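Next come the chains, spelled out residue by residue.
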Amino acid sequence: MTATTGTASGTGRTEDPGAPAEPGAPAGPVTPAGPGPAAEHIDAAGAGAGAAPVLVHKEPPAAAVLDREEPPAGSPDDPENLRIVPARHPWRWAAGVLALVVLAQFAHGLATNPGWDWPTFRAFFSTTTILRSVWITLQLTFYGTALGFLLGAGVAALRLSRSPILQTIGWAYIWAFRSIPLIVQLVFWFNLSYLYKRLGVGIPFGPTVWSFDTIGVLGAMGAAVLGLALHQAAYAAEIIRGGIIAVDGGQLEAASALGIPRLRQAWRIVLPQAMRGILPAAANEVISLFKGTSIVYVMAIGELFYQVQVIYGRTGRVVPLLMVATVWYILLTTLLSIGQYYVERYFARGAQRTPPPTPLQRARGFVRNIQATRRTPPAGRPAPSLGGRS
């Protein structure tokens, strides 16, 4: 260990306690340097001829360190008297005001611009033709979603298989149906009877046991459902596969160590955890398929967009009829989004002990807080007595 000391001329040198003392140097140990008046003491005793006096640094006494006193109560330095000023965000408020102004201008244009033709919109919004077309749109969405995710689960199982042949088949299916546009697939399935007039079941490359005519079985509606389901299955397979591989492998190892059967592991352990990752993407696909049903107009199916086209082609009222379809799509998409919220909330029970309140629960809590505030008497006024006179 070394200690640095200063000379009277301002230079410094290093003293090693283990080294032999120089001639004429003091025999005692060198005191470590420290601030304060004690550092001005010069020890020249024992210095030989021609030796420079040595500055001996001593530690300041403990009394030199004063404790910091607390400011008296009521002084400006008292922490209790400090004013807490919230952070100000002027640009955030400016952006919010600007957005509200733009929305107000858009709403004003919707209400006052005669080009929107709201009387025509009200006349056709709930007609029998429009309601029937909405029902057909919902049917296409339901059948396409159910069959698509059922087939997608099978394709996901192929992708997760340990067999390289099955993995390749699953990958090739996803690659093909994600590469071909949906409208091309729909037109192809609609013209399937042109390529295959009869389909049958029998021995491969041998005799046919049972066959049927494709033109009588696969009509416009059937071709549309088949095209939507096969297209949806390619995307559903990747969504399901992603949710399954997101589950920690230690879950299955622990279940196997406990002797839980494989089917119960998948149903009770893997699936509930995978659903939290599957549901958001799956709901987006369902909503996308619901809006994508408008593309089946090429097959002359009377869904919502096709009927709107027919009506405005006959009346010439393009904008109000398009608004009819737009509002119906918005209403039904909103219902699907609400259903998505509550299904995700249900499957989040394993991850959150106390789920956040729903919008309806927040509204009820807000109303209860207002009622409680009104019932609370003002400061200085006694609460009304509930008993009789004393």
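Everything numeric in this text was worked out from a predicted model, so none of it was measured.

A look at a nonpolar patch on the surface
Alright, step 1. A surface patch of nonpolar side chains, amounting to about 430 Å² of accessible area, comprises I180, I183, V184, V187, Y297 and V298.
Alright, step 2. Along the chain, the position of I180 falls in the loop between α4 (164-179) and α5 (182-190).

Considering the packing of helix α3 (residues 128-160) against helix α10 (residues 262-292)
Alright, step 1. Running from N to C, α3 and α10 cross one another at 140 degrees; their axes reach a closest spacing of 9 Å. It follows from the interaxial angle that α3 and α10 lie oblique. Of the two elements, α3 crosses α10, and the hand of that crossing is right-handed. For the pair α3 and α10, contact is made by T137, L138, T141, G144, T145 and F149 and by A282, E285, V286, L289 and F290, respectively.
Alright, step 2. Its residues assigned to classes, the contact of α3 with α10 comprises six nonpolar, four polar and one charged.

Focus: the pairing of strand β5 (residues 198-202)
Alright, step 1. One ladder, built from five bridges, connects β5 with strand β6 (residues 208-213); its direction is antiparallel. The residue bridging G202 from the neighbouring strand is T208, located in β6.
Alright, step 2. Connecting β5 to the next strand, β6, in antiparallel fashion are five residues, including F205 with a positive phi near 60 degrees.

A look at the packing of α5 against helix α8 (residues 220-245)
Alright, step 1. At a closest axis distance of 9 Å, the pairing of α5 and α8 adopts a crossing angle of 140 degrees. On the basis of their axis angle, the class for α5 and α8 is oblique. The crossing of α5 and α8 is right-handed. Residue-level inspection shows L182, Q185, L186, W189 and F190 of α5 in contact with α8, the latter providing A220, A223, A224, L226, G227, L228, L230 and H231.
Alright, step 2. Across the contact of α5 with α8, the residue classes tally to 10 nonpolar, three polar and no charged.

Some thoughts on the confidence of the model for the chain
Alright, step 1. In the predicted model, the chain carries a mean pLDDT of 79, and 75% of its residues have values of at least 70.
Alright, step 2. Ignoring residues within four places in sequence, the model shows residues 1-49, a span with pLDDT below 50, making 61 contacts including any to other chains.
Alright, step 3. Throughout residues 386-390 the model reports pLDDT below 50, and contacts reaching past four residues in sequence, or to other chains, amount to zero contacts.

Here we look at the environment of T326
Alright, step 1. Assignment of secondary structure puts T326 in helix α12 (residues 318-347).
Alright, step 2. Separated by 21 residues in sequence, T326 and F305 have C-alpha atoms that sit 9.3 Å apart.

Some details on the packing of aromatic side chains
Alright, step 1. Under the definition given, this model contains 12 aromatic pairs.
Alright, step 2. Relative to W175, the ring of W171 has its centre 6.1 Å away and its plane inclined at 5 degrees; by these criteria the two rings are stacked. Of the two residues, W171 and W175 are both situated in helix α4; the distance of four residues between them amounts to about one turn of the helix.
Alright, step 3. Residue W175 is classed as exposed on the basis of its relative accessible area of 52%.
Alright, step 4. Relative to W189, the ring of F188 lies with its centre 5.2 Å away and its plane at 75 degrees, an arrangement referred to as edge-to-face.
Alright, step 5. The class for F188 is partly exposed, based on a relative accessible area of 38%.

Some details on the nonpolar core
Alright, step 1. Within the largest apolar cluster, 33 residues are counted, with the highest numbers of intra-cluster contacts made by L140, Y173 and V296.
Alright, step 2. For this core, the secondary structure elements donating two or more residues are α3, α4, α5, α8 and α10.
Alright, step 3. In this view, V296 contacts L140, L186, A224, L228, I301 and E303; residues no more than four positions away in its chain are not counted.

Overview of α8
Alright, step 1. Taking 1.5 Å per residue as the helical rise, α8 with its 26 residues ought to reach 38 Å, and the 38 Å between its terminal C-alpha atoms agrees with that figure.
Alright, step 2. The largest bend along α8 measures about 30 degrees and falls at A233.

What counts and how
Residues numbered from 1 in each chain as written. Predicted model: local features only at pLDDT ≥ 70, side-chain atom pairs only at ≥ 80, totals over all residues. Heavy atoms only, no water. Patch = residues over 30% accessible without salt bridge, like charges linked within 9 Å, V, L, I, M, F, W, Y side chains within 5 Å. Areas by Shrake-Rupley, 256 points an atom, 1.4 Å probe, with all protein chains shown as cover. Salt bridge = Lys/Arg side-chain N within 4 Å of Asp/Glu carboxyl O. Helix = DSSP H or I, 4+ residues; strand = E, 2+ residues; numbered from the N terminus. Axes fitted to C-alpha atoms, helices over the stretch in contact; angles between N-to-C directions. Parallel < 35°, antiparallel > 145°, perpendicular 65-115°, else oblique. Left-handed = near helix turned anticlockwise from the far one by under 90°. Contact = heavy atoms within 4.5 Å. Nonpolar A, V, L, I, M, F, W, Y, C, P; charged D, E, K, R; others polar. Pairing = 2+ DSSP bridges. pLDDT = per-residue confidence, 0-100. Phe/Tyr/Trp six-rings, centres within 6.5 Å; stacked < 30°, edge-to-face > 60°. Buried < 20%, exposed > 50% of the residue type's maximum accessible area, 1.4 Å probe, protein only. Core = buried A, V, L, I, M, F, W, Y, C linked by side-chain atoms within 4.5 Å. Expected span 1.5 Å × (residues − 1). Bend = angle between axes of the 7 residues up to and from the residue.

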